[in-house]
Amino acid sequence: MSKKPSQAYIALGSNLENPAFQVQQAFDELKQLPGTQLIRRSSLYRSAPVGKLDQPDFINAVALIETLLAPHDLLKALLAIEQRHGRVREALNAPRTLDLDILLYDALHFQDADLILPHPRMTQRAFVLMPLMEIAPECNIPGHGNIAPLLAACHEQKLERMKESP
């Protein structure tokens, strides 16, 4: 009997070296992960930086995948994709060629030194919630509830949906 795949939502972001291209490439690389299928992807969104403001705007998106990879194995695979894109971790909220985060993995509520699920700051970030709502409007975030009121609470964060569509 084969294992049933898990559903995971992945946040993608970039603000260096042609960010839209970086995110588009990452969508393609998610399809290449072992035992993984890209099920749905959002449009691209432009957002202002958070925390460290003196840097270029970000391009953000969210993908839904089905995967046979366990959460930590998925995290390792995402970090490898970031490294192939030249990701350097200098400081928190620093500019980056590519950032890939596991937002949700099934309905798992989990925390250890390497991984926290659901992603701990996702409910406060319009640049995560808007693309997530685009592909999963009925999404419930474990411990937080339905996505719509969470997104409404982020109404002051400005996002621009890019003309390029998936």
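Structure first, text after, so check above.
Presented here is a report on the structure given in the accompanying data block. (Residues numbered from 1 in each chain as written. Predicted model: local features only at pLDDT ≥ 70, side-chain atom pairs only at ≥ 80, totals over all residues. Heavy atoms only, no water.)

## Points about the overall build of the protein chain
Next up, step 1: Each helix and strand in the protein chain was counted, giving 4 helices and 10 strands.
Next up, step 2: From first element to last, N terminus to C terminus, the protein chain shows the α and β order β-α-β-β-β-α-β-β-β-α-β-β-α-β.
Next up, step 3: Here the protein chain has a C-alpha radius of gyration of 15 Å; the compact-globule value for 166 residues is 15 Å, and the two agree.
Next up, step 4: Principal-axis analysis of the C-alpha atoms gives the protein chain an extent of 50 × 35 × 35 Å.
Next up, step 5: Among the 166 residues that make up the protein chain, the fraction classed as buried is 47%.
Next up, step 6: For the protein chain, restricting intrachain contacts to residue pairs at least 6 apart in sequence, the fraction spanning at least 24 positions comes to 67%.
Next up, step 7: Per element, the accessible surface of the protein chain, about 8,800 Å² overall, is 53% carbon and sulfur.
Next up, step 8: For the protein chain, the separation between the mean place of its 17 positive charges and that of its 19 negative charges on side chains is 2 Å. (Helix = DSSP H or I, 4+ residues; strand = E, 2+ residues; numbered from the N terminus. Rg over C-alpha atoms; globule rule 2.2 N^0.38 Å. Buried < 20%, exposed > 50% of the residue type's maximum accessible area, 1.4 Å probe, protein only. Contact = heavy atoms within 4.5 Å. Areas by Shrake-Rupley, 256 points an atom, 1.4 Å probe, with all protein chains shown as cover. Lys, Arg positive; Asp, Glu negative; His and termini not counted. Charge placed at Lys NZ, Arg CZ, Asp CG, Glu CD.)

## Some remarks on unusual backbone geometry
Next up, step 1: Here the bond from Leu117 into Pro118 is cis, since omega is -10°, no more than 30 degrees from zero.
Next up, step 2: Assignment of secondary structure puts Pro118 in the loop between strand S7 (116–117) and helix H3 (126–135).
Next up, step 3: The phi angle at Glu17 is positive, at roughly 50°, despite the residue not being glycine.
Next up, step 4: Within the secondary structure, Glu17 sits in the loop between strand S1 (6–14) and helix H1 (19–31).
Next up, step 5: With a relative accessible area of 58%, Glu17 lands in the exposed category.
Next up, step 6: Despite not being glycine, Asp106 has its phi angle at roughly 50°, a positive value.
Next up, step 7: Mapped onto the elements of the fold, Asp106 is located in the loop between strand S5 (99–105) and strand S6 (110–111).

## Overview of the pattern of salt bridges
Next up, step 1: Inspection of every chain in the model, using the stated rule, returns 8 salt bridges.
Next up, step 2: Two residues, Asp28 and Lys31, come together in a salt bridge whose shortest N-O distance is 3.6 Å. Highlighted residues: Asp28 and Lys31, both in helix H1, separated by 3 residues, approximately one helical turn.
Next up, step 3: By relative accessible area, Lys31 is classed as partly exposed at 45%.
Next up, step 4: Residue Glu82 is joined to Arg89 by a salt bridge in which the shortest nitrogen-to-oxygen separation is 2.4 Å.
Next up, step 5: What makes Glu82 buried here is its relative accessible area of 1%. (Salt bridge = Lys/Arg side-chain N within 4 Å of Asp/Glu carboxyl O.)

## Considering the environment of Gln25
Next up, step 1: Mapped onto the elements of the fold, Gln25 is located in helix H1.
Next up, step 2: With a relative accessible area of 29%, Gln25 lands in the partly exposed category.
Next up, step 3: Between the alpha carbons of Gln25 and His85 there is a distance of 9.3 Å; along the sequence they are 60 residues apart.

## Here we look at the side chain of Gln55
Next up, step 1: Mapped onto the fold, Gln55 is located in the loop between strand S3 (45–47) and strand S4 (58–67).
Next up, step 2: Note on Gln55: relative accessible area 10%, which makes it buried.
Next up, step 3: Only 2.9 Å separates the side chain of Gln55 from the side chain of Asn15, close enough to count as a polar contact.
Next up, step 4: Non-local contacts of Gln55, meaning those with residues more than four positions away in its chain, are made with Asn15, Pro49, Asn93, Ala94 and Pro95. (Polar contact = N/O pair within 3.5 Å; in protein donor to acceptor, adjacent residues only side chain to side chain.)

## Describing H3
Next up, step 1: Burial analysis of H3 places 7 of its 10 residues in the buried class, the great majority of the element.
Next up, step 2: Residues of H3 that are buried: Ala126, Phe127, Val128, Leu129, Pro131, Leu132 and Ile135.

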